[in-house]
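Descriptive analysis of the structure
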Amino acid sequence: MVKNAACQHVVDKIWRRSRLAEELDARSFVIIEFCHKGHHLYYVKKLVSAMPAENVCFLVTTAESARSEEFQTHLGDLKRDGRLKVRIVGRADESTWRLMHRTEPLLDRPDIQSLIIPGADKLLPHVLVFLLRERTHGRSTPTRMLLLRTPEVRFRLQRSVLIALLKSILARVVPICGRQARCFFLTDAFGVVTSRRGYGMTQPVRDVSPGLAFTSKALARHQLGIESNSFVIGIFGDLSRRKFPELSIKALGSLPQRVELVAAGRMDVETRNAIRSHQAAGGTRIHALDGYVSDDTLATHISSCDAMVLTYETDGPSGMLVSALEAGIPVIAAGSPWLTRIVREERLGVVTDLSAAGLSSAVELLMTEATQPPPQRLLPSKVPLLVHALVCRR
């Protein structure tokens, strides 16, 4: 007990000397986000932008995240304007336990207005350990807002099922351990899914619109070198195995020559190799952009499409679905029960099998249904938006 008290005294002493401790006050919001991927920092941008001007926001992150291109794109202006202050607690290759341990002195402070963890599903064990220790010592706490981005998975791997079960248990325990801890899960932008099996009273918050500036289809195709009479399908974002980009590439082989594929985003090795094999065989129907894609570039690529392909098995919302809706193009959906349910119920496109043959059939169907009305706008929902629910006052 004496040893723990002595250690805590040393930690408190170091913390009191730190610059961040001096700047924190009751107007401060603190966001913990260790991942540097663009769509994660995008949520940070939305949260900071929604905060009152008189509040101070601190982002606790890694050195790699603070130096990344994604950071400069999404958060560079907010940092330069003084709306966002960044505190680095380590490197991305360090263990999450170590990063959270260095963050604990920050979590101990009762004068923070609110602590927001937008990727809490990846940090739930760490947050739970802290809250348990906090409850044991009877400390006062700031409001803690925890967001579960992907609370449930439907992979075939046993490990993924166990992870989903662990998340469910922890999400139920967190509000009990933390007196002011509130747990939310990210639902679709339409508010169709309002509860999660196994997650008790965890509340839904709607995904936010990316707000891309789309252009005309003719101009976008001119910029990308695509023929005006082509039928273009698109795949975007993190083009890795979990999104099955190889199915769209394979589907081209059984579709008419005027069908072309636009692929833009960070690609894994398998996706790059599949595109190179297509090009090596003389194929010219794939327009690929590998790497980080800015909002303007992404908007141009989406604007060139006649349909967007969304194929994944994770049972969670898709940000690209909202972009397709705002661009006015139908969606070809396969795999995820959540995704396919939304597309079917909101009549946003075609639901098909998670296979190359299924995608081919869906494309052919859209090519013949020229009178299909494109989706126009997001429907009103009683489910609060993410930024309205998480940016709150005590």
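Presented here is an overview of the structure given in this document. For clarity, every value in this text was computed on a predicted model and none was experimentally measured.

Now for the overall build of the chain. Tallying secondary structure elements over the chain gives 16 helices and 13 strands in all. Taken over 394 residues, the chain has a buried fraction of 53%. Taking contacts inside the chain between residues at least 6 apart in sequence as the whole, the part at least 24 apart equals 74%. Approximately 18,600 Å² of the chain is accessible, and the part contributed by carbon and sulfur atoms is 54%.

Now for the pattern of salt bridges. Evaluation of the coordinates by the stated rule reveals ten salt bridges. One salt bridge connects glutamate 70 with arginine 266, and the closest N-O pair in it is separated by 2.5 Å. Of this pair, glutamate 70 sits in helix 5 (residues 69-80) while arginine 266 sits in the loop between strand 9 (259-265) and helix 11 (269-280); the two residues are 196 residues apart in sequence, bridging distant segments of the chain. Given the relative accessible area of 42%, arginine 266 is considered partly exposed. For the salt bridge of aspartate 238 with arginine 242, the shortest nitrogen-to-oxygen distance reads 3.6 Å. Relative accessible area serves as the criterion here: at 22%, aspartate 238 is assigned to the partly exposed category.

This part takes up the side chain of threonine 340. For threonine 340, the position within the fold is in helix 14 (residues 337-345). Within polar-contact distance, the side chain of threonine 340 engages the backbone oxygen of proline 337 at 3.1 Å. Leaving out residues up to four positions away in the same chain, threonine 340 has contacts with Ala333, Ala334, Gly335 and Val351.

What follows concerns the pairing of strand 9. Taken across its seven residues, strand 9 has seven buried, putting it largely inside the fold. Neither face of strand 9 is open: one carries Val259, Leu261, Ala263 and Gly265, the other Glu260, Val262 and Ala264, and all of them are buried. In terms of strand pairing, strand 8 (residues 231-236) meets strand 9 through six bridges, oriented parallel. For isoleucine 233, the partnering residue across the bridge sits in strand 9 and is leucine 261.

As a further point, take the packing of helix 9 (residues 217-224) against helix 12 (residues 295-303). In the contact formed by helix 9 and helix 12, the axes pass within 8 Å of each other and the chain directions differ by 110°. Here helix 9 is positioned roughly perpendicular relative to helix 12, judged by the angle of their axes. Facing Lys217, Ala220, Gln223 and Leu224 of helix 9, the residues of helix 12 in contact are Thr300, His301 and Ser303. For the contact of helix 9 with helix 12, the residue count by class is two nonpolar, four polar and one charged.

Our next topic: helix 15 (residues 356-368). Residue pairs spaced three or four apart in an α-helix point in one direction, given the helix's 3.6 residues per turn. With 13 residues, helix 15 should reach 18 Å at 1.5 Å per residue; the first-to-last C-alpha distance of 19 Å fits that figure. Where helix 15 is concerned, the buried positions are Ala356, Gly358, Leu359, Ser360, Ala362, Val363, Leu366 and Met367. Of the surrounding secondary structure, the elements contacted by the buried residues of helix 15 are strand 8, helix 10 (245-251), strand 9, strand 11 (307-312), strand 12 (331-335) and strand 13 (349-351).

Glancing now at unusual backbone geometry. A positive phi angle, near 50°, is found at phenylalanine 244, a position not held by glycine. Examined against the element boundaries, phenylalanine 244 turns out to sit in the loop between strand 8 and helix 10. Here the phi dihedral of arginine 347 falls at roughly 55°; this positive angle occurs in a residue that is not glycine. Mapped onto the elements of the fold, arginine 347 is located in the loop between helix 14 and strand 13. For arginine 347, a relative accessible area of 70% puts it in the exposed group.

The next thing to look at is the environment of leucine 115. Among the structural elements, leucine 115 can be located in strand 4 (residues 114-117). Judged by its relative accessible area of 3%, leucine 115 falls in the buried class. Expressed as a C-alpha distance, the spacing of leucine 115 and valine 30, which sit 85 residues apart in the sequence, is 4.8 Å.

So, about the packing of aromatic side chains. To describe a pair of aromatic rings, you give the distance between the ring centres and the angle between the ring planes. If you walk through the whole model with that rule in mind, you get one aromatic pair. With a centroid separation of 5.8 Å and an interplanar angle of 65°, the aromatic rings of tyrosine 42 and tyrosine 43 are classed as edge-to-face. Judged by its relative accessible area of 11%, tyrosine 42 is buried. Since its relative accessible area comes to 8%, tyrosine 43 is described here as buried.

What counts as what
- Residues numbered from 1 in each chain as written.
- Predicted model: local features only at pLDDT ≥ 70, side-chain atom pairs only at ≥ 80, totals over all residues.
- Heavy atoms only, no water.
- Helix = DSSP H or I, 4+ residues; strand = E, 2+ residues; numbered from the N terminus.
- Buried < 20%, exposed > 50% of the residue type's maximum accessible area, 1.4 Å probe, protein only.
- Contact = heavy atoms within 4.5 Å.
- Areas by Shrake-Rupley, 256 points an atom, 1.4 Å probe, with all protein chains shown as cover.
- Salt bridge = Lys/Arg side-chain N within 4 Å of Asp/Glu carboxyl O.
- Polar contact = N/O pair within 3.5 Å; in protein donor to acceptor, adjacent residues only side chain to side chain.
- Pairing = 2+ DSSP bridges.
- Axes fitted to C-alpha atoms, helices over the stretch in contact; angles between N-to-C directions.
- Parallel < 35°, antiparallel > 145°, perpendicular 65-115°, else oblique.
- Nonpolar A, V, L, I, M, F, W, Y, C, P; charged D, E, K, R; others polar.
- Expected span 1.5 Å × (residues − 1).
- Phe/Tyr/Trp six-rings, centres within 6.5 Å; stacked < 30°, edge-to-face > 60°.

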